Amino acid sequence: MSLVDLLAEAHIRKALDGGELDHLPGRGQPLHLDDDSLVPEELRAGYRLLKNAGFLPPELELVREIREVESLIARLDHGKERNRACARLNLLRSRLRSRGREPSLLLERGEYRDRLLRRLDDEG
């Protein structure tokens, strides 16, 4: 354990022994934590901190942006703006692939939908 962990444990132990935590809501109930068993133990605290602050890992940030651009494309008629959005979508997908992720797996979208979007783009 690091020095910070030891100090935190000491403060928690002191508060428990002094009864300072006896009247907290949920006392004695199990904690409902997200499953982070696939995250290395030394990174879990940092990931949780970033998650609670609203930050996403870069791959998920790309996925979020891809979904936004897809939504924009669905609302746009054929034209320059739609073509720019399609180019942006292709760029974002290539960035995701360059990080070793396949967009269709992360986006939970079928191959049919991707082919349909490409076909619509070609027609425009």
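One can find the structure itself at the top, above this paragraph.
No experiment lies behind these values; they were computed from the predicted model shown. (Residues numbered from 1 in each chain as written. Predicted model: local features only at pLDDT ≥ 70, side-chain atom pairs only at ≥ 80, totals over all residues. Heavy atoms only, no water.)

*Asks:* Help me out: how do you make sense of the overall build of the protein chain in this one?
*Replies:* Broken down by element type, the protein chain carries 6 helices and 0 strands. With 124 residues in all, the protein chain has 16% of them scored as buried. Considering only contacts in the protein chain between residues 6 or more positions apart, those separated by 24 or more positions represent 46%. Carbon and sulfur atoms make up 55% of the accessible area of the protein chain, which totals about 10100 Å². (Helix = DSSP H or I, 4+ residues; strand = E, 2+ residues; numbered from the N terminus. Buried < 20%, exposed > 50% of the residue type's maximum accessible area, 1.4 Å probe, protein only. Contact = heavy atoms within 4.5 Å. Areas by Shrake-Rupley, 256 points an atom, 1.4 Å probe, with all protein chains shown as cover.)

*Asks:* What is the right way to read the layout of surface pockets from this model?
*Replies:* Left-over empty space is what a probe sized like a water molecule reveals as it rolls over the atoms. If you add up the space inside the second largest pocket, you get close to 160 Å³. Residue lining of the second largest pocket: Leu 16, Leu 21, Asp 22, Leu 24, Pro 25, Gly 26, Arg 27, Gly 28, Gln 29, Pro 30 and Leu 31, and that is the complete set. (1 Å grid on protein atoms, 1.4 Å probe; cavity = no way out; pocket = protein on both sides within 12 Å on 5 of 7 lines; lining within 4 Å. Points joined across faces, edges and corners; volume = space filled by probe spheres on them.)

*Asks:* Help me understand the environment of Ser 98, please; the structure alone is not making it clear to me.
*Replies:* Structurally, Ser 98 can be placed in helix α4 (residues 80-98). Among the polar contacts made by the side chain of Ser 98, one reaches the main-chain carbonyl oxygen of Arg 95 at a distance of 2.7 Å. (Polar contact = N/O pair within 3.5 Å; in protein donor to acceptor, adjacent residues only side chain to side chain.)

*Asks:* What's the story with helix α2 (residues 41-52) in this structure? I'm lost.
*Replies:* In this model, α2 (12 residues) spans 17 Å end to end at C-alpha, consistent with the 16 Å of a helix rising 1.5 Å per residue. In the segment just after α2, Gly 54 is the residue with positive phi, at about 90 degrees. (Expected span 1.5 Å × (residues − 1).)

*Asks:* Any chance you could explain α4 here in plain terms?
*Replies:* Spacing of three or four residues puts side chains on the same side of an α-helix, whose turn is 3.6 residues. The terminal C-alpha atoms of α4, which comprises 19 residues, lie 27 Å apart, in line with the 27 Å expected from a rise of 1.5 Å per residue. Residues of α4 that are buried include every one of Arg 82, Ala 85, Cys 86, Leu 89, Leu 92, Arg 93 and Leu 96, and no others. Seen along its axis, α4 keeps its buried residues to an arc of 125 degrees; they face one direction. Within α4, the exposed residues directed more than 90 degrees away from the buried face are Lys 80, Arg 84 and Ser 98. Immediately downstream of α4, the backbone of Gly 100 shows phi near 85 degrees, a positive value. (Arc of directions from axis to C-beta.)

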